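Tertiary structure, described
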Amino acid sequence: MFQGSSALTLDAKGRISIPTRHRDALVSQVEGRLTLTRHPDGCLLVYPRNVWEKKREQIANFPMGARPLQRLLLGNAQDVEMDGSGRILIAPELRTAAGLVREAMLLGMGSHFELWDCAEWARREAEDLAKGMAEVMDQFSF
């Protein structure tokens, strides 16, 4: 179960270092093999390979009306492996699609991660908080 946020910096080659608290689990569970793809909200999704393989089957079975979403998710999916230093390379086309230049935010979302441009994440979070979450909050208690 991945949770929490981590501020990261892309290096000159477009790599990020997976935080140590997640790295060990990813190495032991999937030998550092991940899949990256685009999300409709503008971030990247980062899946451990075994989780992605199940998700990929679900996406492939979407009805024809969901073809644009299939193209976005499957057509942009790229398999990567962590190097010995725990870094992954984000392909230029994925960096461009998510607006990733230098500062990024990695969010643990349970079974996977979201990777956001830091400024876009801050803007999005402020926007979401300003809108409120009344519908969801009606079904949740702290």
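The structure reproduced in this document is the subject of the present report. What you see is a predicted model, and the numbers here were worked out from it, not measured in a lab. (Residues numbered from 1 in each chain as written. Predicted model: local features only at pLDDT ≥ 70, side-chain atom pairs only at ≥ 80, totals over all residues. Heavy atoms only, no water.)

Some remarks on the sheet that holds strand β3 (residues 33-38)
Taken together, 6 strands build an open sheet; the order of strands is β1-β7-β8-β4-β3-β5 and the sheet is antiparallel. The sheet is open, and its two borders are formed by β1 (2-9) and β5 (78-81), each paired with just one other strand. Pairwise comparison of adjacent strand axes, ignoring direction, gives a mean angle of 25° for this sheet. In this sheet, strand β4 (residues 44-48) lies alongside β3 in antiparallel orientation, the contact comprising 5 bridges. Bridge pairing in β4 places leucine 36 opposite valine 46. Against the sheet, helix α5 (residues 118-131) contacts β7 (103-110) and β8 (113-117), and its axis sits at roughly 105° relative to β8. (Pairing = 2+ DSSP bridges. Helix = DSSP H or I, 4+ residues; strand = E, 2+ residues; numbered from the N terminus. Axes fitted to C-alpha atoms, helices over the stretch in contact; angles between N-to-C directions. Contact = heavy atoms within 4.5 Å.)

With respect to the environment of threonine 37
Structurally, threonine 37 can be placed in strand β3. When the C-alpha atoms of threonine 37 and alanine 122 are compared, they prove to be 21 Å apart, with 85 residues separating the residues in sequence. Those residues within four positions of threonine 37 in sequence are excluded, and the remaining contacts are Cys43, Leu44, Leu45, Trp52, Leu72, Leu73, Asn76 and Ala77. In this structure the side chain of threonine 37 is engaged in a polar contact, spanning 2.5 Å, whose partner is the backbone oxygen of leucine 73. (Polar contact = N/O pair within 3.5 Å; in protein donor to acceptor, adjacent residues only side chain to side chain.)

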